[in-house]
Every structure is written in C-alpha cells, then in structure tokens.
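The chain contents come next:
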Amino acid sequence: MLLQHGEEVSNCLHPEFNKLDESCSECGAVCYRVIVISGTVGRSRQLSLCGKHFIEALQKYPEMNHRQAS
Ligand SMILES: [Zn+2]
C-alpha cells in the first residue's frame, strides 16, 4: 500500500509539529500522523494519514512503532 521496494519508514510526525494542514492521502480524512518515508536513492517523501489508515500502516509495517514521536 504505502511503501515501494527499497523504501522504509524513517519517522512519524504529529502534523502539528510540521505545521501541516493536510488530509489523508488515502481517503481525504483529517490527517492524524505524517510519516516520512526514505528510499534507497536518498530521497524522502512524506505521507499524511488519518487515524484509520495510520493504524492499518502500523499493522502492515510494525517497525513504524519504533519510529513514533512520543
Ligand atoms: Zn485515511
């Protein structure tokens, strides 16, 4: 769903920290977390997710748990 080959989640941000006013990239609901994805070529991208899709991503990529901002 989220990650392409060679990519990994490098960070999870509260949207307030980034001053982002974004909606979920999957469904357009209110953004709950912004995850930062880094690829093998050194480029990173950010993905905004609502609570539902963030939890789905956590279940699919459990390593995200270790990257969460506390
Ligand atoms: Zn969503």
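Look up: the structure comes first, before these words.
Calculation criteria
Residues numbered from 1 in each chain as written. Predicted model: local features only at pLDDT ≥ 70, side-chain atom pairs only at ≥ 80, totals over all residues. Core = buried A, V, L, I, M, F, W, Y, C linked by C-beta atoms within 7 Å. Buried ≥ 20, exposed ≤ 12 C-beta atoms within 10 Å, placed from the backbone. Helix = DSSP H or I, 4+ residues; strand = E, 2+ residues; numbered from the N terminus. Contact = placed C-beta atoms within 7 Å. Arc of directions from axis to C-beta. Pairing = 2+ DSSP bridges.

K.L.:
Summarise the nonpolar core; cite the residues concerned and give the values.
P.N.:
In this structure, Val9, Cys31, Val34, Ile35, Leu47, Leu49, Phe54, Ala57 and Met64 together form the largest nonpolar core, which totals 9 residues. Those elements that place two or more of their residues in this core are strand S2 (33-38), strand S3 (44-49) and helix H1 (51-60). Setting aside its immediate chain neighbours within four residues, Leu49 contacts Cys24, Ser25, Glu26, Cys31, Tyr32, Arg33, Ile35, Phe54 and Ala57.

K.L.:
Talk me through H1; I want residue IDs and the actual numbers.
P.N.:
Of all the positions in H1, only His53, Phe54 and Ala57 are classed as buried. One face of H1 carries all of its buried residues, which in axial projection span an arc of 105 degrees. Considering only its buried residues, H1 is in contact with S2 and S3.

K.L.:
Which residues make up the pairing of S3, and what are the values?
P.N.:
Direction of pairing for S2 relative to S3: antiparallel, over a ladder of 6 bridges. Note that in S3 the partner of Ser38 across the bridge is Ser44. Counted between consecutive antiparallel strands, the loop separating S2 from S3 contains 5 residues, among which Gly42 sits at a positive phi close to 90 degrees.

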